[in-house]
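Here is how the chains run, residue by residue.
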Amino acid sequence: FDYGDAAILFQSTSHINTYEQVFKSMGIPFVTLAGRGYYNRQEVWDVLNLLKALHNPADNLSLATALRSPMFAFSDEMLLALRLIYAEDSRKLIPLWQALSYEEISYLDEKQITRVRKAQKILGELRLLAGRVTISELLRTALAKTGYLAALTGLQDGARLRRNVEKLVDIAEQSGKITLGSFSH
């Protein structure tokens, strides 16, 4: 069967990810136009979680999500090691953001510690820019420093993943917003 230039339009997008998975598995090319589902894409969530973590460093979940993404490529082991760091003066866990700068990280090898230090440096630089440049500039800087677009390109269906993130940068550009809170809203 030759699909040619055939087009199928779905009115309901509530199960769009299911449709896309079926098309992919059958080798049927597709394009998703518009979409409520856009903001539910993992690659978009990764970037939005980075913005949330920059906006609110106490948001451990958003930071962990960004660190676990291809943006920083932390393993579960690395995140657990960071979460198990206690404040020196008490037996209280310290926030994940603070744990990134902790000198002694048990359970991690040198390569993992280097990755943690790189993430700490990048996040620190982005935090200093947040609120001083437009969100689109902040996103472009984050994407350049983390190599996120290149990482996405290397994944299955990478071109589409990359376009979705680039679309988010375009949305940020059009908004002209500077504050993370107003853009996230």
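Notes on the structure follow. Everything numeric here is computed off the predicted structure, so don't read it as measured data.

Conventions adopted
Residues numbered from 1 in each chain as written. Predicted model: local features only at pLDDT ≥ 70, side-chain atom pairs only at ≥ 80, totals over all residues. Heavy atoms only, no water. Salt bridge = Lys/Arg side-chain N within 4 Å of Asp/Glu carboxyl O. Helix = DSSP H or I, 4+ residues; strand = E, 2+ residues; numbered from the N terminus. Buried < 20%, exposed > 50% of the residue type's maximum accessible area, 1.4 Å probe, protein only. Axes fitted to C-alpha atoms, helices over the stretch in contact; angles between N-to-C directions. Parallel < 35°, antiparallel > 145°, perpendicular 65-115°, else oblique. Contact = heavy atoms within 4.5 Å. Nonpolar A, V, L, I, M, F, W, Y, C, P; charged D, E, K, R; others polar.

**Details of the pattern of salt bridges**
So, point 1. Using the criterion set out here, one finds six salt bridges in the structure.
So, point 2. In this structure, aspartate 76 and arginine 68 form a salt bridge, with 2.6 Å as the shortest nitrogen-oxygen distance.
So, point 3. Arginine 140 is the salt-bridge partner of glutamate 173, the closest N and O atoms lying 3.0 Å from each other. One end of the pair, glutamate 173, is in helix 9 (residues 158-175); the other, arginine 140, is in helix 7 (residues 135-146), and 33 residues separate them in sequence.
So, point 4. A relative accessible area of 39% places arginine 140 in the partly exposed class.
So, point 5. Counted as one network, the salt bridges with shared partners bring together Lys121, Glu125 and Lys145.

**A word on the packing of helix 4 (residues 76-83) against helix 6 (residues 110-129)**
So, point 1. Between helix 4 and helix 6, the least distance of the axes is 11 Å, while the angle of their chain directions is 70°. Taken together, the axis directions place helix 4 and helix 6 in an arrangement best described as roughly perpendicular. Across the interface between the two elements, Glu77, Met78 and Leu82 of helix 4 pack against Gln112, Arg115 and Val116 of helix 6.
So, point 2. The class makeup of the residues in the contact of helix 4 with helix 6 is three nonpolar, one polar and two charged.

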